[in-house]
Amino acid sequence: MVQDTIHLLVKLKCKFLHASDIMPMGKHHIVSRGHIADLIENTSKGKHKLTASILTQKDKMNFRSAQNLCDTIVCEELACVAGSEATITFLNMMREFCSAFLDVTLNASQRISRVFKWLFFVRLWRKWIDDTDGYSLSHNFITSNSYTCMELNAHALILMVRKLRDAEEHNLFLPWLFSSQDCEDFFRKSRAMSPTQSTMVTFSILELQHKTRRTDFLSQSFSKLANDFEFPRLKKMYQHQNQQPHVSTVLPEDYEIEKLIEKALQDAIEEAVAFQIIVKPKSKSKSKFPVCPLGSDLSITEENEEHFNDFDVDAETTEDSSEDYSDFNTFQDSDENTVNDVEEDLLVCCTGSLGLKNFDNVSISSSSPFVAVKDGNGKQCVIKKSSLIWLLSSGDTRISSDRLLRVQAAAVQHKRNDTVKNQKPFKEDTLLVGNWYAFSSEDNSIAIGRVLAFSYLSGSTWRDQVYSRTSAPVQAPNEQTKRGLGCLCDWYTIQKNGKLKSVSMDIHGYYPIEKYICTIPRPVINNQILQLPCPLREIKRFDGT
Amino acid sequence: MPTGFSVRGEVYTSSPPLQIEKKKRDWSLYSRTNRSQNKLKEASSSCHCIEEYFPVLNKLNLVLEENKRLKERLLGALRRVPESNGHFSPDGSNLLNIILECAQKNAGKKRKGWRYNDTLKEFCTIVFTLGGPQVYEILSRNLLLPAIPTCSRILYKHESIQEGVFRFKELKRIMTEKGYPTNKVILSEDGTVVTGRIQYDPKTNQVVGFCLPLQNGVPVQNSFPATSAKVIESYFCEGIVSTNAYVTMARPLASNSTPFCVALFGTNNRFSHHDVLSRWEWMNKEATKENIEIVAHSSDGDGKLLKAMVSKPFLPTHQGNGHGFKPHWMFLQK
C-alpha cells in the first residue's frame with residue numbers, strides 16, 4: 001500500500017505556499033513562505049535558482065518547482081535569512097522524505113533511516129500542535145492527507161523490505177517504482193499521443209480504448225523487434241538520468257531495521273528539541289515510540305477529498321453530467337407517448353424523415369452494427385447503431401481542449417522596488433512579505449517583526465479570511481469596507497545594545513496591521529546575532545506621529 | 001624520361017621534374033608534347049563513355065601485376081571494409097537489407113501486388129504510429145514500404161482492451177515474453193476526466209460511455225450490449241454517463257520493466273472505499289490464478305483509496321498482528 005511520493009511532495013509544497021495558514025514549529029519559529037520571499041528578494045538568483053513565480057500558486061501540481069524549492073542550495077542560502085530555521089527543517093523534510101523513495105542511488109538502510117527520522121519528527125510536531133491550545137491540526141499542520149500518505153509510505157517501505165527479504169529477492173527492492181506515476185504517464189501519453197491525434201487532448205472511453213491499443217502495440221513491438229532494430233529512446237528510458245541505481249544485494253534483517261529506527265527516533269527527537277518541541281511519552285502506551293491515533297483523523301479525509309479536488313485540474317465536469325441527465329430525461333418524457341403505439345422493437349426516432357443513410361439491403365441481427373428504426377412517417381429504415389447513438393445523445397459533456405490554459409505560466413513579475421536598500425527607517429503605505437517593520441506592541445513598546453504572511457482578521461469562514469497577495473496596504477482603501485488585516489511575523493524585541501532577541505510566542509497569530517510604525521532596513525547578522533541596523537531613536541521618531 | 005600517354009582521349013601524364021620549373025619562366029607548357037596533350041584534353045572533354053574506361057582498367061591491372069606491393073596494400077585496405085553478412089549491425093543496415101530483399105522478391109510485380117515480410121510490416125507500423133500518416137506516406141512511397149492500410153490493419157488486428165476487463169492473462173503473457181525475473185507487480189490506479197461521449201463499438205457490439213455497474217466494486221463487463229434500437233434507447237434513459245476513466249496499471253518489479261494497462265473503465269467517481277477494498281481483494285484473487293503476485297497497490301492520495309489503505313489489514317495494528325511485527329514496532333493505532 002503505497003501513496004505516490006511525487007504527489008506527496010507537491011501537496012507538501014502546496015501547504016507550504018498556502019497564503020494565510022500558519023505552521024508554527026515551536027514557540028519561536030514559523031514555517032513560512034515569507035522566508036523564501038525574503039531570500040528571493042535579497043539574494044541573487046544565481047545562488048538559489050528560485051524565481052518569484054514559485055510563490056504563486058498558479059501551477060499547483062508542478063513537480064519541478066517543488067523539487068527546486070526544497071533543493072539543498074535553497075536550504076543553504078536560507079541559513080542567511082534570520083529566523084528561518086523552521087522553514088529549513090520543513091524543506092529538508094520534504095526533500096529527504098521524498099528522495100528516500102525517488103533517489104535511485106540510496107541503499108535500503110539509508111532509505112529507512114531517512115523516512116523514519118522525518119516520520120518521527122512529523123509525529124512529534126503533530127503531537128505538539130495537537131496539545132497546544134489555540135492551534136488546530138487542520139490549519140496549523142500539514143494536511144491530514146499528506147500526513148497519512150507519509151505514514152503509509154513509511155510502513156510500506158518496511159513491509160516491502162521484509163517481504164522481499166523473506167522471499168530471497170533482495171534485488172527487487174526498487175522503491176522508485178512504488179508510485180502511481182505509471183498512471184499519470186499513461187494519461188499524459190494518451191492526451192498527447194503523437195501525432196495522428198495530437199490535436200485531440202480530450203477523449204471518450206472508447207477513444208481511450210483505441211489509444212490503449214496503440215500504446216500496447218508499441219510497447220510490445222518494441223521489445224519484439226529489439227533484436228532486429230535499434231530504438232534509441234528505449235535505451236534512454238532505463239538510464240535513470242545517468243545515475244547508476246543501487247541494487248541491493250542484502251536487505252537488512254529485523255534487528256538491523258530496529259536499530260535504524262531507534263537511531264532515527266533519536267535524530268528526530270534531536271531535531272524537535274531544537275525547536276523546543278518536547279513531547280513526553282505517555283506511560284500508558286506500550287510503545288516507546290510516539291504513537292499517533294489515525295482513526296480520529298479519518299473523518300477529515302472525506303473533507304480532504306474535496307480539498308484535494310480543488311487543485312486537481314481534472315475535476316470540473318462533475319456538475320455538467322447532472323445537466324446531461326435532465327436532458328436525457330426530457331427526451332424520454334417527450335418520447336414516451338409515441339413509443340407505445342409502434343411495434344415493440346422499433347423505435348420512432350424523429351418527426352418527419354430521418355435524413356440518415358438507409359441500409360435497406362443489410363440483414364440485421366442483434367450483433368450486427370445496424371438496427372432497424374421507424375422514422376416519423378412510419379417508414380422502416382436500417383441505420384448504423386453509431387448513428388442511432390449519435391441521434392440519441394443530446395448534449396455531450398465537452399471540456400475545453402485547451403487544457404494548457406489552465407496551467408498557464410504565471411505572468412512575469414516585475415521586480416519590486418528596492419525599498420529595503422534604504423538605510424534609514426521610513427514610513428510607507430504598503431507592506432511586503434519578507435520585509436522588516438517596526439510595530440508598536442501591546443504594552444506600547446516597540447517590536448520588530450519580519451512579515452511572513454497576511455490574513456484578513458474577520459470573515460465568516462476560514463477560506464474567507466485568506467489573503468493571498470504578498471503586499472498589503474496599511475490603511476484599507478477608501479472604497480472598500482474595512483475588514484481588518486493582520487500580519488504574521490517573526491517577532492524580535494530590541495535590547496539595550498541594539499541586538500534583536502527572538503520572542504517566544506505561546507501561539508503565533510496575526511497582528512493588526514494598524515500597529516505599524518515604520519519600515520526598517522534589513523538587520524545585519526553577526527555570528528548568528530541580529531543587530532538593529534539603525535539607532536533606536538530614529539524609529540521612535542515615527543512612533544510619536 | 002617518361003612522357004604522357006593517351007588512351008582514346010584520356011590523358012595520363014607524369015609530372016614534369018620540379019627543378020625545371022624553378023629555373024626560369026615555364027616554357028614547358030608550350031612544348032610540343034604538351035601542346036599535343038592539351039589538344040587531346042580539349043577533345044576528350046566532350047566525350048565520356050563507360051567503355052572508354054575499360055582500357056584504363058586493363059592498364060591499371062597491368063600496373064598492379066607489375067607492382068606487387070601496391071596490390072597488397074589495396075587488398076589490405078579492402079579487407080578493412082566490414083563485410084555485410086545480413087546480420088544486425090549497429091548502424092541499422094538491417095532495415096536496408098530487409099527492404100532490399102523485399103524489393104528483389106517483388107521485382108516485376110505491380111506496386112499493389114507487393115508482399116512484405118512480417119518484421120518489416122511491424123516495424124513500419126511502429127513508424128506509422130509514432131510518425132503519423134503524413135510522414136509515413138512520404139516514407140512508404142519513397143522507400144518501397146507497405147502502404148498505410150496495411151499498417152492500419154496490423155494495428156487493428158492487435159488485441160484491444162475492452163472496458164471493464166482485467167487483463168491479468170495478457171499481463172502474465174507479456175511478463176513471460178519479456179522475461180522479467182519475477183512474478184511480483186505493483187498496481188497503481190488513478191482516474192482522469194473524459195468527454196462524456198456515448199459511442200458504439202462495433203467490435204464488441206457494445207454501447208460505450210456509460211458507467212459500468214459495480215459488483216463488489218468490480219465493474220461488470222458487457223453491461224451495455226447494443227441488441228436493438230429499443231435497448232439502446234433504454235440505456236440513454238437509465239445509464240449514467242461516465243465522467244472519468246479509471247485506469248489500473250501494472251508495473252513488474254524489475255528495473256527495466258514497462259508499465260502495462262491492466263484495466264480501464266468509465267466511472268462517475270461515485271464509489272466508496274468499500275468498493276475499492278473488495279475490488280482489490282478480487283484483483284488479488286484473479287492475479288493469483290495467473291501466478292502473479294501483487295505486492296502493493298499505489299495511488300496518488302485520492303481520499304477513497306487512502307481510506308481503504310488505512311482501514312484494512314494492510315497495516316500492522318495492535319489487534320491484527322498478521323505481519324509479524326514486534327509489539328513496539330506498531331506505529332499506527334486505530
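Please read all numbers here as calculations on a predicted model, not as lab measurements.

Enquirer: It is not clear to me how the overall build of chain B should be interpreted in this structure. Could you clarify?
Expert: Along its length, chain B carries 11 helices and 11 strands. Split into buried and exposed, the 334 residues of chain B put 32% on the buried side.

Enquirer: Any chance you could explain the overall build of chain A here in plain terms?
Expert: When helices and strands are counted, chain A shows 18 helices and 16 strands. Going through the 545 residues of chain A one by one, you find that 38% of them count as buried. Relative to all contacts within chain A whose residues are 6 or more apart in sequence, the contacts with residues 24 or more apart total 71%.

Enquirer: Whenever I open this one, the sheet that holds strand β9 (residues 260-267) of chain B confuses me. Can you help?
Expert: Sheet strands pair by backbone hydrogen bonding; their relative direction is either parallel or antiparallel. Spatial strand order, β1(A)-β10(B)-β3(B)-β8(B)-β9(B): five strands in an open sheet with mixed pairing. In this open sheet, the two edge strands, each paired with only one partner strand, are β1 (2-3) of chain A together with β9 of chain B. For strand β3 (residues 184-193) of chain B and strand β8 (residues 244-252) of chain B, the ladder comprises nine bridges, and the chain directions are antiparallel. Opposite Ile186 of chain B, over in β8 of chain B, you have Arg251 of chain B as the bridge partner.

Enquirer: What's the story with the packing of helix α7 (residues 108-131) of chain A against helix α9 (residues 144-166) of chain A in this structure? I'm lost.
Expert: How two helices pack is summed up by the angle between their axes together with the distance between the axes. Residues and elements named next belong to chain A. Interhelical geometry of α7 versus α9 gives an angle of 150° and a closest axis separation of 10 Å. Considered as vectors, α7 and α9 are oriented roughly antiparallel to each other. α9 is crossed by α7, and the crossing has left-handed handedness. Across from Ala108, Arg111, Ile112, Val115, Phe116, Leu119, Val122 and Arg126 in α7, the residues of α9 making contact are Tyr147, Met150, Glu151, Ala154, Leu157 and Val161. Within the contact of α7 with α9, the residues separate by chemical class into 11 nonpolar, no polar and three charged.

Enquirer: Help me understand the confidence of the model for chain B in this model?
Expert: In regions of low pLDDT, the predicted coordinates are not meant to be interpreted in detail. All names here are of chain B. When pLDDT is averaged along chain B, the result is 78, and 79% of the positions lie at 70 or above. pLDDT under 50 marks residues 84-92. Its contacts with residues more than four places away, or in other chains, come to seven contacts. Segment residues 317-334 is flagged for pLDDT under 50; beyond a separation of four residues in sequence, or across chains, it makes 31 contacts in the model. As a predicted assembly, this complex carries a pTM of 0.73 together with an ipTM value of 0.72.

Enquirer: What exactly am I supposed to notice about the pairing of strand β8 (residues 436-440) of chain A here?
Expert: Remember that side chains alternate between the two faces of the sheet whenever the strand is regular. Residues and elements named next belong to chain A. In terms of residue burial, β8 counts as a mostly covered element, since four of its five residues are buried. For β8 and strand β9 (residues 446-456), the ladder comprises five bridges, and the chain directions are antiparallel. Directly across from Ala438, in β9, lies its bridge partner Ile448. With antiparallel pairing between neighbouring strands as the criterion, β8 and β9 make up a hairpin whose turn holds five residues, including Asn444 at a positive phi of roughly 65°. Pairing analysis gives three bridges linking β8 to strand β14 (residues 516-519), with the strands arranged antiparallel. Considered in β14, the bridge of Phe439 is made with Tyr516.

Enquirer: Is there a simple way to think about the environment of Ile158 of chain A in this case?
Expert: All names here are of chain A. Locating Ile158 in the fold gives a position in helix α9. Residue class for Ile158 comes out buried when judged on the 22 C-beta atoms lying within 10 Å of it. For Ile158 and Arg111, which are 47 residues apart along the polypeptide, the C-alpha to C-alpha distance reads 9.9 Å.

Enquirer: Which parts of the structure should I look at to understand α7 of chain A?
Expert: In an α-helix, one turn spans 3.6 residues; hence positions three or four apart end up facing the same way. Relative to the 34 Å expected for 24 residues at 1.5 Å per residue, α7 of chain A spans 34 Å between its end C-alpha atoms, a close match to the ideal helical length. When you tally the buried positions in α7 of chain A, you get 19 out of 24 residues, the bulk of the element.

Enquirer: Help me understand the pairing of β9 of chain A, please; the structure alone is not making it clear to me.
Expert: Residue and element names in this part refer to chain A. Counting buried residues along β9, nine of its 11 residues qualify, which places the element largely inside the surrounding structure. Where β9 lies against strand β11 (residues 485-494), nine bridges are found, and the strand directions are antiparallel. Opposite Phe454, over in β11, you have Cys487 as the bridge partner.

Enquirer: Any chance you could explain the packing of helix α6 (residues 118-143) of chain B against helix α7 (residues 148-157) of chain B here in plain terms?
Expert: Residue and element names in this part refer to chain B. Where α6 meets α7, the axes come as close as 9 Å, and the angle between the chain directions of the two elements is 140°. By the angle between their directions, the pair α6 and α7 is classed as oblique. Judged by the sense of rotation from one axis to the other, the crossing of α6 with α7 is left-handed. On α7, the residues touching Lys121, Glu122, Cys124, Thr125, Phe128, Thr129, Pro133, Tyr136, Glu137 and Ser140 of α6 are Ile148, Thr150, Cys151, Ile154 and Leu155. Its residues assigned to classes, the contact of α6 with α7 shows eight nonpolar, four polar and three charged.

Enquirer: Could you clarify how one ought to interpret unusual backbone geometry in this entry?
Expert: One can expect most non-glycine residues to show negative phi and most peptide bonds to be in trans. For Lys49 of chain A, which is not a glycine, the phi torsion comes out positive at approximately 60°. With respect to the secondary-structure elements, Lys49 of chain A resides in the loop between α3 (45-48) and α4 (63-69). A positive phi angle, near 55°, is found at Asn216 of chain B, a position not held by glycine. When you line up the elements, Asn216 of chain B lands in the loop between β6 (214-215) and β7 (218-219).

Enquirer: Got a minute to help me understand helix α16 (residues 385-392) of chain A in this structure?
Expert: Buried within α16 of chain A we find Lys385, Leu388, Ile389, Leu391 and Leu392 of chain A. Each buried residue of α16 of chain A lies within a common arc of 160° when the element is viewed along its axis, so the set occupies one face. Buried-residue contacts for α16 of chain A involve β5 (370-374) and β6 (380-384) of chain A together with β4 (199-201), β5 (206-208) and α9 (229-238) of chain B.

Enquirer: Mind showing me how you'd approach the confidence of the model for chain A here?
Expert: Residue and element names in this part refer to chain A. Confidence in the prediction for chain A averages 75 pLDDT; 76% of positions are at 70 or higher. Per-element averaging of pLDDT across chain A places helix α15 (residues 318-339) at the bottom with 35 and helix α6 (residues 85-102) at the top with 91. Predicted confidence for residues 283-344 stays below pLDDT 50, and this span has 84 contacts to residues more than four positions away or in other chains. A low-confidence stretch, residues 396-420 (pLDDT under 50), is modelled with 35 contacts involving residues beyond four sequence positions or located in other chains.

Rules and cut-offs
Residues numbered from 1 in each chain as written. Chains lettered and ligands numbered in written order. Predicted model: local features only at pLDDT ≥ 70, side-chain atom pairs only at ≥ 80, totals over all residues. Helix = DSSP H or I, 4+ residues; strand = E, 2+ residues; numbered from the N terminus. Buried ≥ 20, exposed ≤ 12 C-beta atoms within 10 Å, placed from the backbone. Contact = placed C-beta atoms within 7 Å. Pairing = 2+ DSSP bridges. Axes fitted to C-alpha atoms, helices over the stretch in contact; angles between N-to-C directions. Parallel < 35°, antiparallel > 145°, perpendicular 65-115°, else oblique. Left-handed = near helix turned anticlockwise from the far one by under 90°. Nonpolar A, V, L, I, M, F, W, Y, C, P; charged D, E, K, R; others polar. pLDDT = per-residue confidence, 0-100. Expected span 1.5 Å × (residues − 1). Arc of directions from axis to C-beta.

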